[in-house]
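Tertiary structure, described
The primary structure of each chain is shown beneath.
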Amino acid sequence: MKWLRSFGHFWWNFVVGDDWLVAALVLLAIGATAALAAADIAAWWLLPAAVPLVLWLSLRRAIRSA
Amino acid sequence: MSTGNAFLVLSSFLACAVEMVEALTIVLAAGLARGWRSSLAGLGAATLVLAVAVAVLGPALTVIPIQALRLVVGALLLVFGLQWLRKAILRASGYKALHDEDEIFARELAEARGAARVERAGVDWYGFTLSFKGVLLEGLEVVFIVLTFGSAQGSIPLAAAGAAIALVLVTGVGVAVRAPLARVPENSLKFAVGVMLTTFGIFWSVEGAGADWPGSDAAILGVLGWVILSSFVLVRLLRRERRAIPRAAEVRA
């Protein structure tokens, strides 16, 4: 059980890293892109627009918590 | 070579070069402090584990339908790339200390020299595990990047070629100088890798989600330009803010 927890913890740290909010917002933006694409609405712009905002939010969080 | 393939080789080369420089520092510290036999045994064992991971996961990824693969790989690369970019922006704006191989080497060397000697199977266990863990952890990032990039672009061998060139180059220089490669512009390379990972992450996530890029594959260049521009704007904003707060604390994340 302990080994499983360490294994999961390692992969969480490896992929998600220091700020879980980045992963959550990226998934949300990809979901919104898929929803727009399914409704036949141009959706290519959504992720490029979301990325600088996500980065900015995450940077602010890192600086605030320092 | 298409734009996508050229970026694939370049990204894989840069990511591997950065990780190899870090792994080399650890292997050198283990070798100098605990003996080359244990350090090289650790390096060999970790390389074997990484090779098995590539041999098992590589073919498995090629059987997944390309759109599903691009969605998953795109999302993973984007999250992973934003981690690199976030740290690179914090370093470039002065909120986080720059990565210093000389300092890391001195620290690793001092720790390795102070540890007790325990022999197992004829090798010094501390030197073996230090080298093994260092190479495995740095190498896992390379494996992750090579496999995800390669499979989503449809050419794992091309991604592996970029990594292999970096491996040969860094190992060659490392053996020649027998010192940490402190002059490699590691922080700039990390910034470049973060930009590349984020660019491909955006591109493939959008394709995987079922949306079309205007201009098809050529849109990668536009995305790349946008990510670079956004990153530099963020660095400038944070630098200006940092200058206005003379005693701002350093970010540890």
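Cut-off values and rules
- Residue positions are given per chain, counted from 1 along the sequence in the order it is written.
- Numbering of ligands from 1 and lettering of chains from A proceed in the order in which they are written.
- A pLDDT threshold of at least 70 governs which residues receive local features in this predicted model, and a stricter bar of 80 or more applies before side-chain atom pairs are shown or counted, although totals over entire chains, interfaces and linings include all residues.
- Secondary structure is summarised from DSSP: a helix means a run of H or I of at least four residues, a strand means a run of E of at least two, and numbering begins at the N terminus for each.
- Our radius of gyration looks at C-alpha atoms and nothing else; its globule reference is 2.2 Å times the residue count to the power 0.38.
- Whether a residue is buried, exposed or partly exposed is read from the other C-beta atoms within 10 Å of its own C-beta, which are placed from the backbone; 20 or more gives buried, 12 or fewer gives exposed, and intermediate counts give partly exposed.
- Here a helix's expected span is defined as the number of its residues, less one, multiplied by 1.5 Å.
- Here, a nonpolar core denotes buried Ala, Val, Leu, Ile, Met, Phe, Trp, Tyr and Cys residues that are linked to one another through C-beta atoms within 7 Å.
- By definition, residues are in contact whenever their C-beta atoms, placed on the basis of the backbone, come within 7 Å of each other.

What to know about the overall build of chain A
Along its length, chain A carries three helices and zero strands. Across chain A, helices and strands are ordered from the amino to the carboxyl terminus as α-α-α. What you see for chain A is a C-alpha radius of gyration of 16 Å, clearly larger than the 11 Å of a compact globule of 66 residues, by over 25%. The C-alpha extent of chain A, read off along each of the three principal axes, is 45 × 30 × 10 Å. Looking at chain A as a whole, 29% of its 66 residues are labelled buried.

Examining helix H1 (residues 2-15) of chain A
With 14 residues, H1(A) extends 20 Å from end C-alpha to end C-alpha; this agrees with the ideal 20 Å at 1.5 Å per step. Just past H1(A), the residue A:Gly17 takes up positive phi, approximately 80 degrees.

Details of the nonpolar core
In globular proteins that are soluble, nonpolar side chains generally tend to be buried together. Judged by nonpolar contacts, the single largest core of 95 residues is most densely connected at A:Val26, B:Cys16, B:Ala17, B:Met20, B:Val79, B:Val146 and B:Ala163. Here the element with the most residues in this core is helix H1 (residues 3-34) of chain B; it accounts for 19 residues. With near-sequence residues (within four places) excluded, B:Ala163 lies in contact with B:Ser12, B:Phe13, B:Cys16, B:Val142 and B:Val146.

Points about the environment of A:Val26
With respect to the helices, strands and loops of the structure, A:Val26 is situated in helix H2 (residues 20-38). Linking A:Val26 and A:Leu47, residues 21 residues apart in sequence, is a C-alpha distance of 8.1 Å. The residues touching A:Val26, leaving out its near neighbours within four places in the chain, are A:Val54, B:Ala75, B:Leu78 and B:Val79.

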